[in-house]
Structure formats: structure tokens, C-alpha cells
Amino acid sequence: MDYKDFFEQSIENPDGFWAEQAKQIAWYKPPTQILAKDGFGHSRWFADGKLNVSYLCADKHVADGFGDQTAIIYDSPVTKKIERISFYKLKDEISRLAGGLQLLGIGKGDTVLIYMPMIPQAVYAMLACARIGAIHSVVFGGFAPHELAIRINDAEPKVIITASNGIEVDKIIHYKPFVDQAIEEAMHKPQFVINFERGHGADKQERPYDVDYNDLIEKAHDVEPLPVLSYHPLYILYTSGTTGTPKGIIRDSGGYATALKFSMKYIYNVEPGETYWAASDVGWVVGHSYIVYGPLINRNTTVLFEGKPIKTPDASTFWRVIAEHKVKVMFTAPTAIRAIKKEDPDGVLMKKYDLSCLKYQFLAGERCDITTLEWLQNNLKVPVIDHFWQTESGWPMLANMTGIELMPVKPGSASLPVCGYDIQILDVDGNPLPANTEGFVAVKLPLPPGTLTNLWRNNHRFVAGYLERFPGFYFTGDGGYIDSDGYVFITGRVDDIINVAGHRLSTAAMEEVVASHYAVAECAVFGIECELKGQRPLGIVVLKMGTEIEIRRLESEIVSSIRYSIGSVASFREIVVVPRLPKTRSGKVLRSLMRAMVDKKAYTIPSTIEDTGVIAELESIFNERDFSKMCK
Ligand code: COA
Ligand code: AMP
């Protein structure tokens, strides 16, 4: 069968298509209902099916005789360690930690927050929760205590699992003290914090809620996986929205397991037993789906890489990992490749390794510029595939489905719609647009299995944010167009979300922090072009009348508060002070106009602008600055 037929089947007969795919995973009770509705009227996949995702990731492979196969290769250039963890050991570790969680009173439906670096214990923690039906919420380590506190308040975890520290190149990041600070700030107080001590001399202050990870598993007994219904939440994953409050994406169990198993075969084209590597972090959706759940469900060996594309120790590290662990398929963000290309423009380091094991290189997380894609393709000499998805979807929405038919790569396009996703480009009134016409990227309902089922305790925001704008469709928040061959080109977000080094961040959250500085009367934060990270935030500030403050001091105070409130991952480094902001007559700040001015793009002055005089003022201020220097 070819891609076109396969795709059409999935759209014309979603029930039949996904019923077949659901047979590819092991259920305690196979589903008889395929697509139903929940109490809110949203799709519910495989409603009466029962399964356990930790069973699929570990026990099943042991039961099938693959206990000795390596499940996880923990490759940590920052600690100079490589550890191979078999499916036997994985099963052991997760069933023991699950027992430990039970000792602390955790059971089905309880939430557990995980704030950990890229170490095997992070994977054990996720799977241990899944084993007993607890719902995990992993928070990326680059987020500061305040962001962590926001997530603690929303998810209300009974327990937090953390580690003493992470390592960023050669810098120790003190995770446990961040957790303590977040708990101090949060209204909700977890009962216990399980801390995995890494022995790197990180700061630690004993707290009454502390539980040592190793002590806990020593006391615990192994527990068996608990069968749960397909729609039982496996996890909540917070992602940036257009307000300062993140959105808690809810992922189900059965739909997700089915979709991931499907994607490993038909998108990534990896067979059980082969090695797959997603160079991301467990704190992001890529880490959830393609470091942990997807490869483990598919019995792939997954690489857990605690390092960076450069500096750990140099720009050859990705190629060393691929060659050493015989990686068949790799997935990373374009920004990582741009960082490597900058250090090794001629691909000299790449040539030192035998990369013949690598069959496909996938890229996602942000728009991939054509130069980067072509550079990689010319050097690696394998298909380099830009594919597109979101925290919300949980797995690719656009991709080259290499496992069914390798389609030609069109640089600049994030490829073709994946089975189950009826992608359409709509105009502002929700009418479908013809080929090559830019509009809003939307997906006709129903969404396929594995996609978000709702927002944690916030159905109103789910409906308002995704379903109301275009009735009958899910709205991605992205703009784009489809060419006459059906390839989709994503042109960027149409809201105030920015993408910094593949990390999705809210400018609204940053504006809240900038606006809280005593000297700031008004401000705007938006993303500007960055050669390395794709985008980076820039703060535009209007000072309160009569305030005297040295600009450098103001900048450094604002930068520090963003680091403290949101985290270093925001890469917020620069502000510009202006006498006033450009606004419409109704008072809306014209961020996209300022962004175009800074990026030196063509712009039209909206007819609704309050005062055209502001344009000349801003032009002269922006022209004096070299905004590219922060990207180098
Ligand atoms: N824990 C704590 N801090 C973290 C962190 C983590 N897990 N990840 C990043 N940070 C910090 C960094 O230490 C840095 O802090 P600093 O400002 O004090 O130096 C800051 O956040 C920005 O980090 P980063 O975005 O990694 O930028 P960089 O300039 O250090 O490195 C790249 C540039 C391109 C090498 C890096 O951004 C990268 O590897 N990008 C790929 C990211 C990726 O895979 N994204 C895919 C998500 S699907
Ligand atoms: P996240 O939820 O963090 O995975 O971010 C999802 C957003 O990243 C999408 O809505 C897009 O704006 C952007 N994105 C992800 N992949 C791509 C891609 N291949 N091309 C363009 N933008 C992308």
C-alpha cells in the first residue's frame, strides 16, 4: 500500500483504521468501543479497553523473552558515564519504585510531579507512576522555582520526585533547592519529596518532607502493573499558552500507546530491537513520546543522552553517540544542528565516525531553515526529515511516513499529513483555502488517538483555546499553507508563543515579569530572529515618568528576574527602552509591527494605529542597535 491510500483510509474510516492499530499493543481487555465521546462531548478512544503502559514498556518484553535486551543506553558525557539498562533491570527498577510510591500512599489517580535531569531515575519515576495508575507531570529542569510553583499549584501533586542536581555542560544545577523554594512559594504543599542523591556535592538542606530515593526502594516491595481504562490519564504535561499560566495537557493511556506504537513503525520505520535516539529532554513532549514511551513500547533500545550537541565535549558528540550505539533513527531540533554546523561547518568531525547505521534523521520542534536541512543532508547522506507536531498532539501531525512510503523531501516543508490528521488551511472565517494560500493550520475533528483529551481541570480553556475558533476543527495556533502536492509549510505561530532553541515559551509570562519591575510603566516582549536559536525574546520597555535608572542596571535586574521567575531557558538577555509603544486606537500593542522592524522585514503600518509618529521614533532607536550580536 502507498502513503496516499493508507492516509485516506485513516480519514475515511477512523474507527476501522485505529481498531486495527490498537491490536498491535497488548491489552488486558481489548477495546470493543473504538471512538466514543466523553462527558464533555470530546473524543474518547478505546473507551472500554484496559491496559497498563508500564507493562507495555517493560514486563511485556521480559515475558516475550527479551529481558536481556538493552532497553536504555544512558550516555552521559557530562559525567563520563555510559550505562546499559536491560528490560529485566528496567522492570525491576520501576516495580520497586512503584512499591515505594505505594508506601507513601500514592495510588491510582494521584498526581506526582517529576523534576529531574536526564538520568535513568527520571524514566523509572515516569514508569513507576504509570504502573500504579498515578498521573505524572514532568517539569523541565530549565524552569525556575516560580514556574515550578505554578505547576505544583495546578497539578496538586502528593509527591515530588527530584534529584540533587543536573549538570549543564560543566555547571551544577541545584535541583533540590529549587524544589524547596517552589514548595515554599506554592499554595499547595506536597506531602513528600523523593530525592535521588547523585553525589556531586550539590547544595542540600534537609526538610521534613524529604525521602531518600535509595532508602525508599530498599524498603519497598515490587508491585505488579495495575490495569487501567484506556482514557485513564497517563500524564499531565504543561506547555506555554498565550497567557502567563501554562496549560496542563492531559494524555490518555490507550490512545497514546496505540499512536506511539503506530508511529514507531510507520513514521520512524524502526523495528523492535533496533536503536532509536531522540536528543531532547524528558521534560518536553519529545522526551515523553520518543525517549521514553514510544521506543520502549516498541521494544527499541532508547538513548538517554545527558549532554549538549556542542561543548560536551565538542561538536562531534552526536556522531560519536550514533556510531557507538548503532543508532538507526535519530531525532533532534534544528537548533542543535545549527550549533554543530557553526562549530564544524565542513562536517569534518562527522567524517571521523562510521555513521552507516543511521538511516533517517528527523528534525522538529521549530521551523527548519533550508540551509540547515541541506547542510545536514549533504553531510549525512540520509533522508533528513522535517516533521511537525506539538505538546498537544503528542506525536507527529506532519511527517514523511517512511515506514509506509518514503516520499521526496521538500526542504522548507514539514512534510505531509500523518494518518489520522485531516489538516486543513482555513481563512479567518473558517473557510478552507486553496493550495499555496497561507492561513490558519487546523485539523478536522476527530483528532486521532494519542492527542490531548482535555486540559487538566480546565475544560473551558480547552474549548476556548483549541475548539471554538473554528467549530469542527482543532486549531494548532500555527499559520501555514499546503502546496499543490499536498506538502505543508508551517510559517510560524499566529499567537504570542515563541520558540527559543526548540523550547516553547510564552511572551505573556515574560511580560508579566518585566512589567513587575518598579521602573517599568509599560512593556512588550516578542520573539526576534536568532541565527542559533531560531527565535529569542526581546523586551521593549517604557519607563515610568520621572524614574531615573541606569539602563544597564535596569536590564540586568530584569534579566535576573526572568531567570528567577521563568528560568535560564528563556534566554532573555536584552531590553530596549523607548518613549512609547505603538498601539492601535483601541489600545492593542502592535508587537508584530515592532518585530518586523527589529528583524528588518517589510511591514505595513496598520490603519488602526493611534499615532503614526511613533514609527519614526522606533525606527531610529532600533537602527542604532545590532540585535544579531546576542545570537552569536
Ligand atoms: N536544566 C537547567 N538549566 C538548563 C537546562 C536544564 N535541563 N537546559 C538549559 N538550561 C539553561 C542553560 O544552562 C542555559 O543557562 P545560562 O543562560 O545560564 O547559560 C540556558 O538554560 C539556555 O540554555 P540552552 O537553550 O541550552 O542554550 P545554550 O546557549 O546553552 O546552548 C544549544 C545552545 C543550541 C546548544 C542548545 O539550545 C541546544 O542543545 N538546543 C537543542 C534543544 C533541544 O533539543 N530542543 C528540543 C526540544 S524538542
Ligand atoms: P511544542 O508544543 O513545544 O512541541 O511546540 C510546538 C510548536 O513548535 C508548534 O505549534 C510550532 O509552532 C513549532 N514547531 C514544531 N515543529 C515544527 C516544525 N517542524 N516546523 C515549524 N514549526 C514547528
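Since this is a predicted model, take the numbers as computed values, not measurements.

Novice: Lay out the site of ligand 1 with the relevant residues and their values.
Specialist: Every one of the 25 residues lining ligand 1 counts as a neighbour, but E168, K171, K308, K533 and R563 are closest to it. The side chain of K308 places a nitrogen or oxygen atom 2.5 Å from an oxygen atom of ligand 1. Here an oxygen atom of ligand 1 and a side-chain polar atom of K533 are 2.9 Å apart. When the free accessible area of ligand 1 is taken as 940 Å², the share hidden by the protein chains comes to 84%. Sorting the residues of the shell around ligand 1 by element identifies β10 (171–174) and α12 (334–343) as the ones contributing at least two each. Considering only residue class, the shell around ligand 1 consists of 10 nonpolar, eight polar and seven charged.

Novice: Outline the packing of helix α6 (residues 145–155) against helix α7 (residues 175–185), supporting the account with residue identities and numerical values.
Specialist: Interhelical geometry of α6 versus α7 gives an angle of 55° and a closest axis separation of 8 Å. What the angle tells us is that α6 and α7 run oblique. Considering only the axes of α6 and α7, their crossing is right-handed. Residues P145, H146, L148, A149 and I152 of α6 form the contact with α7, whose own contacting residues are F178, V179, Q181, A182, I183 and E185.

Novice: Hey, could you go over the packing of helix α17 (residues 591–598) against helix α18 (residues 613–623) for me, with residue numbers and the actual values?
Specialist: Between α17 and α18, whose axes approach to 10 Å, the crossing angle comes to 40°. In terms of their interaxial angle, α17 and α18 are classed as oblique. Between α17 and α18 the crossing geometry is right-handed. Here α17 contributes L593, M594, M597 and V598 to the contact with α18, which in turn contributes I615, L618, E619 and F622.

Novice: Please give an account of the sheet that holds strand β24 (residues 439–444) that cites residues and values.
Specialist: Pairing within the open sheet is antiparallel, and its four strands lie in the order β23-β24-β26-β27. Every other strand in the sheet has two partners, leaving β23 (422–426) and β27 (488–493) as the edge strands with one partner each. Neighbour-to-neighbour, the strand axes of this sheet turn through a mean angle of 50°, independent of strand direction. Pairing geometry for β23 and β24, over five bridges, is antiparallel. Among the inter-strand pairings, I425 is bridged to a residue of β24, identified as V441.

Novice: A description of the domain arrangement of the chain should follow, citing residues and the corresponding values.
Specialist: One frequently used descriptor of interface size is the decrease in accessible area upon assembly of the parts. For the chain, the domain assignment lists domain 1 (3–307 + 387–476) and domain 2 (497–631). Opposite the 19 residues of domain 1 that make contact, domain 2 presents 15 residues. For the pair domain 1 and domain 2, the summed buried area comes to about 1,300 Å², and 52% of that belongs to carbon and sulfur atoms. When residues of domain 1 are sorted by the area they lose upon contact with domain 2, S240, G244 and W284 head the list and together hold 32% of the total. Here E392 makes a salt bridge to R504, at a shortest N to O gap of 2.9 Å. Scanning the region where domain 1 abuts domain 2 turns up eight residue pairs in polar contact (both at pLDDT 80 or more). Grouping the amino acids of the side of domain 1 that touches domain 2 by side-chain chemistry returns five nonpolar, 11 polar and three charged.

The rules we used
Here the residue numbers are simple positions, counted from 1 along each chain's written sequence. Naming scheme: in the order in which they are written, chains are lettered from A and ligands are numbered from 1. Totals for whole chains, interfaces and linings use all residues, but because this is a predicted model, local features are given only for residues with pLDDT of at least 70 and pairs of side-chain atoms are given and counted only at 80 or more. For the side-chain quantities, the full set of heavy atoms in the structure was used; hydrogens and water were omitted. The criterion for a residue being near a molecule or strand is simple. One of its heavy atoms has to lie within 4 Å of it. Each polar contact in these results corresponds to two N or O atoms within 3.5 Å; when the atoms are within protein, one needs to be able to donate a hydrogen and the other to accept it, and residues that are neighboring in sequence are counted only if both atoms are side-chain atoms. Note on areas: Shrake-Rupley, 1.4 Å probe, and residue coverage restricted to the protein chains presented here. Helix and strand assignments come from DSSP, with helices taken as H or I runs of at least 4 residues and strands as E runs of at least 2, each series counted from the N terminus. Residues are grouped as follows: nonpolar covers Ala, Val, Leu, Ile, Met, Phe, Trp, Tyr, Cys and Pro; charged covers Asp, Glu, Lys and Arg; every other residue, Gly included, is treated as polar. Axes here refer to lines fitted to C-alpha atoms; in helices the fit is confined to the stretch in contact. Angles between the N-to-C directions go from 0 to 180 degrees. Throughout this description, any angle smaller than 35 degrees is read as roughly parallel, any larger than 145 degrees as roughly antiparallel, any in the 65 to 115 degree range as roughly perpendicular, and the remainder as oblique. Throughout, a crossing is termed right-handed when the near helix is turned clockwise from the far one, and left-handed when it is turned anticlockwise from it by less than a right angle. Any two residues having at least one pair of non-hydrogen atoms within 4.5 Å are treated as being in contact. Strand pairing is assigned whenever DSSP detects at least two bridges linking the two strands. Boundaries between domains were set according to an automatic or database domain assignment. In this description, buried area is defined as the sum, over both parts, of the accessible area (probe of 1.4 Å) that is lost when the two are combined. Salt bridges are counted wherever a side-chain nitrogen of Lys or Arg sits within 4 Å of a carboxyl oxygen of Asp or Glu.

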